[in-house]
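# Close look at the chain arrangement
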Amino acid sequence: MQQILLNVKDQSKVNFLLELLRGYDFVEILTAAPAPSKNSKAKRTKAQLKFSEGLREAFQEVELHLQGKKTMTKAEDLIQELQNL
């Protein structure tokens, strides 16, 4: 299964898009709370900021890997290493 994350710029089109996608039996719709706007005054905790930064760095590393600029450890190798501890 592949997941696709969509940001719908026009809020008035969200229901249309959801109804369209519900018409396909091979699509599972998972909803989440809307992302806070860039102008949002909601404050994040230090833990949230640290998590966000870590996630951003992880995505950058994956992008570098996809571009062939970085080699990443395979999950199988990591599991094997952990088993040898």
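Just so we're clear, the structure is a prediction, and the values are computed from it rather than from any experiment. One numbering rule holds for all chains: residues counted from 1, following each sequence as written. The predicted origin of the model limits local features to residues at a pLDDT of at least 70 and limits the giving and counting of side-chain atom pairs to 80 or more, whereas totals for whole chains, interfaces and linings rest on all residues. Heavy atoms throughout the structure, all of them, feed into the side-chain values; hydrogens and water do not.

## A look at the overall build of the protein chain
For the protein chain, the helix and strand inventory stands at three helices and zero strands. Helix and strand definitions here come from DSSP, where helices need a minimum of 4 consecutive H or I residues and strands a minimum of 2 consecutive E residues; each element is numbered from the N-terminal end. Starting at the N terminus and walking to the C terminus, you meet the elements of the protein chain as α-α-α.

## A short note on the pattern of salt bridges
A carboxyl oxygen of Asp or Glu within 4 Å of a side-chain nitrogen of Lys or Arg is what we treat as a salt bridge. All chains considered together, the criterion is met by three salt bridges. The partner of E19 in a salt bridge is R22, and the shortest N-O contact between them spans 2.9 Å. One end of the pair is E19 and the other is R22, both in helix 1 (residues 14–22) and three residues apart, which spans about a single turn. When the shortest N-O distance is used, the salt bridge between E61 and K70 registers 4.0 Å. Three exposure classes are used, based on accessible area relative to the maximum for each residue type with a 1.4 Å probe and protein chains only: buried under 20%, partly exposed in between, and exposed over 50%. The partly exposed category is assigned to E61, whose relative accessible area is 34%. Here K70 falls in the partly exposed class, since its relative accessible area comes to 32%.

## Describing the confidence of the model for the protein chain
Overall, the prediction assigns the protein chain a mean pLDDT of 85, with 87% of residues at 70 or greater. Least confident of the elements in the protein chain is helix 3 (residues 75–83), whose mean pLDDT is 88; most confident is helix 1, at 90. pLDDT is a residue-level measure of predictor confidence that goes from 0 to 100.

## What about the packing of aromatic side chains?
A ring pair, where both rings are aromatic, is described by two values, the distance of the centres and the angle of the planes. The criterion for an aromatic pair is that two Phe, Tyr or Trp rings (for Trp, the six-membered ring) have centres within 6.5 Å, with stacked assigned to planes under 30 degrees apart, edge-to-face to planes over 60 apart and tilted to the rest. Under the definition given, this model contains one aromatic pair. Geometrically, the ring pair formed by Y24 and F26 is tilted, given 5.3 Å between the ring centres and 50° between the ring planes. Classification of F26 as exposed rests on a relative accessible area of 64%.

## Considerations on the layout of surface pockets
Put plainly, a pocket is an open set of points on a 1 Å grid over the protein atoms alone with protein on both sides within 12 Å along at least five of seven lines, a cavity is a set where a 1.4 Å probe fits but cannot get out, and a lining residue has an atom within 4 Å of a point. Grid points are joined across faces, edges and corners, and a volume is the space filled by probe spheres set on the points. The volume enclosed by the second largest pocket comes to roughly 160 Å³. Any residue that is not Ala, Val, Leu, Ile, Met, Phe, Trp, Tyr, Cys, Pro, Asp, Glu, Lys or Arg is counted as polar, Gly included; the first ten are nonpolar and the last four charged. Of the residues in the lining of the second largest pocket, the class split is three nonpolar, one polar and two charged.

## Looking at a nonpolar patch on the surface
Residues qualify for a patch when their relative accessible area is over 30% and they have no salt bridge, like charges being joined within 9 Å and the nonpolar side chains of Val, Leu, Ile, Met, Phe, Trp and Tyr within 5 Å. The protein chains shown are the only cover counted for residues, whose accessible areas, like all others here, come from Shrake-Rupley with a 1.4 Å probe. On the surface, a nonpolar cluster with roughly 480 Å² of combined accessible area is contributed by F16, L20, Y24 and F26. Of note, F26 is situated in the loop between helix 1 and helix 2 (46–66).

## Comments concerning the environment of M1
Relative to the elements of secondary structure, M1 occurs in the segment before helix 1. By relative accessible area, which is 89% here, M1 ends up exposed.

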